[in-house]
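Okay, here's what each chain looks like letter by letter:
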Amino acid sequence: ETGVTQTPRHLVMGMTNKKSLKCEQHLGHNAMYWYKQSAKKPLELMFVYNFKEQTENNSVPSRFSPECPNSSHLFLHLHTLQPEDSALYLCASSQADRNEETQYFGPGTRLLVL
Amino acid sequence: TQLLEQSPQFLSIQEGENLTVYCNSSSVFSSLQWYRQEPGEGPVLLVTVVTGGEVKKLKRLTFQFGDARKDSSLHITAAQTGDTGLYLCAGALDSNYQLIWGAGTKLIIKP
């Protein structure tokens, strides 16, 4: 138990569906991250929120839309995804203002786009 | 683009053997972290190395940070089946708190 939870754990969706991934951290951290993990590739940083403000958007397609309503919750809204978006989506948190790089990860959402 | 290259990508050995995995870059990092990820879970931090030449031990795992802080190695002595997993290295830059990730070494320890 890392203190970061993600739901759902598994998701199958069609290309025309709209779904949302949820992440919650119970560690009192002020930075939250969305990563995409594909086989044999480095973790791809998608979005970073620091103090609830989005500070990074690494050229992620607009079919992925993040939302951070407060420092404990992070969402990733999905719509009109493509099969190549199938991957493990990981949420992480850290305490950025102490220059603490350690990131605490949730278990991920395994996404399959048909 | 900063890159962290991990080798080997995949390693399958018998229980009781020793192994070393590597993490290399042309970038200088302020610190480097090793994570282990088990199937169905997210990565979990094993260790952080900060000083060039630093060696840290975690039971049968020995982590070393290169003198120039560009590379690192993880050595496992007398591997056990419980060591099976994906080992990821991640480097931190002075400029910000975000991490540069390697692609990982998938390790399988056979009984």
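A short tour of the structure in this document, coming up.

Rules used throughout
Residues numbered from 1 in each chain as written. Chains lettered and ligands numbered in written order. Predicted model: local features only at pLDDT ≥ 70, side-chain atom pairs only at ≥ 80, totals over all residues. Heavy atoms only, no water. Helix = DSSP H or I, 4+ residues; strand = E, 2+ residues; numbered from the N terminus. Buried < 20%, exposed > 50% of the residue type's maximum accessible area, 1.4 Å probe, protein only. Contact = heavy atoms within 4.5 Å. Buried area = accessible area lost by both parts, 1.4 Å probe. Polar contact = N/O pair within 3.5 Å; in protein donor to acceptor, adjacent residues only side chain to side chain. Nonpolar A, V, L, I, M, F, W, Y, C, P; charged D, E, K, R; others polar. Salt bridge = Lys/Arg side-chain N within 4 Å of Asp/Glu carboxyl O. Pairing = 2+ DSSP bridges. Axes fitted to C-alpha atoms, helices over the stretch in contact; angles between N-to-C directions.

1. Observations concerning unusual backbone geometry
The amide bond that connects T7 of chain A to the next residue, P8 of chain A, takes the cis arrangement and shows omega of -10 degrees. With respect to the helices and strands, P8 of chain A occurs in the loop between β1 (4-7) and β2 (10-13). The phi angle at K59 of chain B is positive, at roughly 55 degrees, despite the residue not being glycine. Inspection of the secondary structure puts K59 of chain B in the loop between β6 (55-58) and β7 (61-65). Exposure remark for K59 of chain B: the relative accessible area of 85% places this residue in the exposed category.

2. What to know about the interface of chain A and chain B
Chain A puts 23 residues into the contact, and the matching count from chain B is 22 residues. Between chain A and chain B, the buried area comes to about 1,700 Å², and carbon and sulfur atoms account for 52% of it. Across the contact surface, chain A and chain B share 5 residue pairs in polar contact (both at pLDDT 80 or more). Going through the elements one at a time, β4 (31-37), β5 (44-50), β6 (53-57) and β9 (87-94) of chain A are the ones with two or more residues in the side of chain A that touches chain B. Of the residues assigned to the side of chain A that touches chain B, the class counts are 11 nonpolar, 7 polar and 5 charged.

3. Comments concerning the pattern of salt bridges
Opposite charge on two side chains allows them to pair when their charged atoms are near. Residues and elements named next belong to chain A. Within the structure shown, the criterion is met by 5 salt bridges over all chains. Of the charged contacts in the structure, one is a salt bridge between E44 and K41, with a shortest N-O distance of 3.4 Å. With relative accessibility at 43%, the residue K41 sits in the partly exposed group. The salt bridge partner of D85 is R63, with a shortest N-O separation of 2.7 Å. In this pair, D85 sits in the loop between β8 (73-79) and β9 while R63 sits in the loop between β6 and β7 (64-70), placing the two residues 22 residues apart along the sequence. The exposure class assigned to D85 is buried, which follows from its relative accessible area of 3%.

4. Considering the pairing of β7 of chain A
Note on strand geometry: in a regular strand, side chains alternate between the two faces of the sheet. Residue and element names in this part refer to chain A. Direction of pairing for β7 relative to β8: antiparallel, over a ladder of 5 bridges. The partner of F64 across the bridge, within β8, is L78. The loop that links β7 with its antiparallel partner β8 comprises 2 residues.

5. Looking at the sheet that holds strand β3 (residues 18-25) of chain A
Residues and elements named next belong to chain A. In space, the 4 strands of this open sheet follow the order β1-β3-β8-β7, with antiparallel pairing throughout. Sheet topology places β1 and β7 at the edges, where each strand pairs with a single neighbour. Pairwise comparison of adjacent strand axes, ignoring direction, gives a mean angle of 15 degrees for this sheet.

6. Here's the deal with the sheet that holds strand β1 (residues 5-7) of chain B
Residue and element names in this part refer to chain B. Here 5 strands make up an open sheet; going across it, the order is β1-β3-β8-β7-β6 and the pairing antiparallel. Of all strands in the sheet, those bounded by a partner on one side alone are β1 and β6. Neighbouring strand axes in the sheet, compared pairwise and without regard to direction, differ in orientation by 15 degrees on average. In this sheet, β7 lies alongside β6 in antiparallel orientation, the contact comprising 4 bridges. Across the sheet, residue V55 finds its bridge partner in β7, namely Q64.

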